[in-house]
Amino acid sequence: MTTRYRVEYALKTHRRDQFIEWIKGLLAVPFVLYSQPTGVFETHGFSVSQMSGEAHRRYAEIMRDIEVMVDDHIIHQSNSTRVPSKLKLLVPTIGTFFTRLPLEAAFKFQDNKRYISSRRFVSPSFNDVRLILNSAQLMAVTTHGTLRLATFDGDVTLYEDGESLEPDSPMVPRIIDLMRKNVKVGIVTAAGYTTADRYYERLHGLLDAIAGSAALTPQQRQNIVIMGGEANYLFEFSPSSPHLLAPVARERWLTAEMASWSEAGISALLDVAEAALRDCIKNLNLPAALMRKDRAVGIIPSDPKVRIPRESLEETVLVVQKILELSVGGRDFDSKVVPFCAFNGGRDVFVDIGDKSWGVAVCQKWFGGDGDGGDRIRPEQTLHVGDQFLSAGSNDFKARSVSTTAWIASPAETVELLDELADFMGKKLS
């Protein structure tokens, strides 16, 4: 049952996606007008099938109207006009679209799976809209485009939080199938390990399967990289290495923008973040210990058995983020801001140098050319899959600036999404 606490917590602005909430509000109108809750008790009047058909028609019309508005927004983007699109006026936080979104077709696809139009007591939900948007994006990058790169978050996307990708995971054959179709794969994770053995511990089921797969050519086995610490450590597949991964020297993959970040600016930013985290530990009386790395700083539970309250973690993220945004400590000597990502990892809070937009951009560069500055894979040819897309404390959010995205809520949803993706890619091939 939804408690008042959960309702009030969900209404906080940093916990909402305005585009999804806006669509949900539009769909609420035909639900109120056409749903027939009394049909449970009455035998006369509208039948359930009539109600469902009428609701389906109206929902589809609304999604088609939104689709037209997205097309208009894309035109405004391409014209670089200062005049905002109608969609931008209605949803001020709307970002950049790299592809069209076939929302009407995506709604019909999801309605056949979730029977949204047949519901009489529960209106179209946040999750309904989120999954419709996912399907629309998959259709756009497959049947209406060409998918060349798929990047994935780790925890809660490929495996449960804190767990590993085991050999029997249903994720493994699906990712290998993508690689077999010559789609490049990047695992872009916040886990900031500096050695291959730690990533092998988390991903051994997939790495072992790739090494032993008869379905992949030697070249296709190289179609995967691991980007750790958001955008700080790159590992490529190496069948001759003990842990099947080899670190890539930073100078081989840094983009020109990333190479301009000075070590002094990075150190200054982490110093400010560390001081802010120490204040949060003190002011909120957190049962946490500070952890400083070369490219990150964060807090972890002082006792692994203790969970820091979610509200305390999000308060810490918002406090640290605001302090860093207002501080000059994050600027280097050339007056360039060193980008950062402050995020809630579910059990901890970390501030990383860079964010997942940079991590995805590195994958686009690495696979787009020769790995040393060739052409990049374009945003419309890239799909990033992750679970954290809310505007604060969510480290997948920034990936929206460099690629198309799909927002999942669990590894099981990722499996379902990969099945959808394979289905759409198969339809294009046929």
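Residue numbers here run from 1 along each chain, matching the order of that chain's written sequence. Per-residue local features of the predicted model are confined to residues with pLDDT of at least 70, and side-chain atom pairs are confined, for both listing and counting, to 80 or more; whole-chain, interface and lining totals are unaffected and use all residues. Hydrogens are left out, water is left out, and the side-chain values use all remaining heavy atoms of the structure.

Caption draft 1: The arrangement of the overall build of the protein chain in detail. Segments assigned H or I by DSSP are reported as helices when at least four residues long, segments assigned E as strands when at least two residues long, and all are numbered from the N terminus. Along its length, the protein chain carries 15 helices and 11 strands. Burial analysis of the protein chain (430 residues in total) assigns 51% to the buried set. Taking the contacts inside the protein chain whose residues are at least 6 apart along the sequence as the reference set, 69% of them involve residues at least 24 apart. In short, Shrake-Rupley with a 1.4 Å probe defines the accessible areas, and a residue's cover is counted only from the protein chains shown. Just so you have it, the protein chain exposes about 19700 Å², and 54% of that area is on carbon and sulfur atoms. Only protein chains enter the accessibility calculation, which uses a 1.4 Å probe. A residue is then buried if its area is under 20% of the maximum for its type, exposed if over 50%, and partly exposed in between. Residues count as neighbours in contact if any of their non-hydrogen atoms are within 4.5 Å of one another.

Caption draft 2: Quick look at the pattern of salt bridges. Each reported salt bridge corresponds to a side-chain nitrogen of Lys or Arg within 4 Å of a carboxyl oxygen of Asp or Glu. Inspection of the entire model under this criterion finds 30 salt bridges. Lys113 serves as the salt-bridge partner of Glu416, at 2.9 Å between the closest nitrogen and oxygen. Here Glu416 is found in helix α15 (residues 411–429), whereas its partner Lys113 is found in helix α5 (residues 103–114), with 303 residues between them in sequence. Taking relative accessible area as the criterion, Glu416 reaches 41% and is therefore assigned partly exposed. Notably, a salt bridge pairs Arg130 with Glu413, separated by 2.8 Å at the nearest N-O pair.

Caption draft 3: Main features of the sheet that holds strand β9 (residues 349–353). A pair of strands is labelled paired if DSSP reports no fewer than 2 bridges between them. Reading across from one edge, β6-β7-β9-β8 is the order of the 4 strands in this open sheet, with antiparallel pairing throughout. Each edge of the sheet is formed by a strand with only one pairing partner; in this case those strands are β6 (288–292) and β8 (340–344). Pairs of neighbouring strands in the sheet enclose a mean axial angle of 20°, with direction left out of account. Every axis corresponds to a line fitted to the C-alpha atoms, with the helix fit spanning only the stretch in contact, and the corresponding angles, defined between N-to-C directions, vary from 0 to 180 degrees. Lying on the sheet, helix α13 (residues 310–326) is in contact with β7 (296–301), β8 and β9; it crosses β8 at an angle near 165°.

Caption draft 4: Here's a closer look at the packing of aromatic side chains. Here a Phe, Tyr or Trp ring, Trp counted by its six-membered ring, pairs with any other such ring whose centre lies within 6.5 Å, and the pair is stacked when the planes are under 30 degrees apart, edge-to-face when over 60, and tilted otherwise. Taken as a whole, this structure holds 9 aromatic pairs when the rule is applied. Look at Phe19 and Trp22: their rings are 6.2 Å apart centre to centre, the planes differ by 20°, and that puts the pair in the stacked class. On the criterion of helical spacing, the pair formed by Phe19 and Trp22 is a turn pair, its members being 3 residues apart in helix α2 (residues 18–34). In terms of burial, Phe19 and Trp22 fall into one category: buried. Measuring from centroid to centroid gives 5.1 Å for Tyr199 and Phe235, while their planes differ by 55°, and the two rings are tilted. Of the two residues, Tyr199 is situated in helix α8 (residues 196–212) and Phe235 in strand β4 (residues 233–237); the sequence distance between them amounts to 36 residues. A relative accessible area of 2% means that Tyr199 is categorised as buried.

Caption draft 5: Seen up close, the pairing of β8. Counted residue by residue, β8 has 5 buried out of 5 residues, so it is predominantly covered. Residues Phe340, Ala342 and Asn344 line one face of β8 and the alternating positions Cys341 and Phe343 line the opposite face, and both faces are buried. Relative to β9, β8 runs antiparallel, the two being bridged by 5 bridges. Looking across to β9, one finds that Asn344 is bridged to Val349. Between the antiparallel neighbours β8 and β9 lie 4 residues, among them Gly346 with a positive phi of about 95°.

Caption draft 6: Main features of the sheet that holds strand β5 (residues 245–247). Across the sheet, 7 strands lie side by side as β5-β4-β3-β2-β1-β10-β11; this open sheet has mixed pairing. Edge positions in the open sheet fall to β5 and β11 (404–407), since each of these has one partner strand only. Strand-to-strand, the axes of this sheet are offset by a mean angle of 25°, without reference to chain direction. Where strand β3 (residues 224–228) and β4 come together, 4 bridges link them in antiparallel fashion. The partner of Ile226 across the bridge, within β4, is Phe235. Across the face of the sheet, α8 comes into contact with β2 (184–188), β3, β4 and β5 while running at roughly 30° to β4.

Caption draft 7: The arrangement of unusual backbone geometry in detail. For Val156, which is not glycine, the phi torsion reads 75° and is therefore positive. Among the structural elements, Val156 can be located in the loop between β1 (149–152) and α7 (171–180).

Caption draft 8: A look at the nonpolar core. The biggest cluster of nonpolar side chains holds 76 residues, and the ones touching the most others in it are Phe19, Ile23, Ile66, Leu87 and Leu206. Not counting chain neighbours up to four residues away, the residues in contact with Ile66 comprise Phe19, Trp22, Ile23, Leu26 and Leu103. The definition of a nonpolar core used throughout is a set of buried Ala, Val, Leu, Ile, Met, Phe, Trp, Tyr and Cys residues joined through side-chain atoms within 4.5 Å. Counting 42 residues, the second largest nonpolar core, distinct from the first, contains Leu277, Val362, Cys363 and Val402.

Caption draft 9: Up close: the packing of helix α3 (residues 48–79) against α5. Following both chains from N to C, one finds α3 and α5 inclined at 145°, their axes separated by 7 Å at the closest point. Considering the relative orientation of α3 and α5, their crossing is right-handed. Across the interface between the two elements, His56, Tyr59, Ala60, Met63, Arg64, Ile66 and Glu67 from α3 touch Leu103, Glu104, Phe107, Lys108 and Asp111 from α5. All residues other than Ala, Val, Leu, Ile, Met, Phe, Trp, Tyr, Cys, Pro, Asp, Glu, Lys and Arg, Gly among them, are scored as polar; the first ten of these are nonpolar and the last four charged. Of the residues belonging to the contact of α3 with α5, the class tally is 6 nonpolar, 1 polar and 5 charged. Crossing handedness is read from the near helix: turned anticlockwise from the far helix by less than a right angle, it gives a left-handed crossing, and turned clockwise, a right-handed one.

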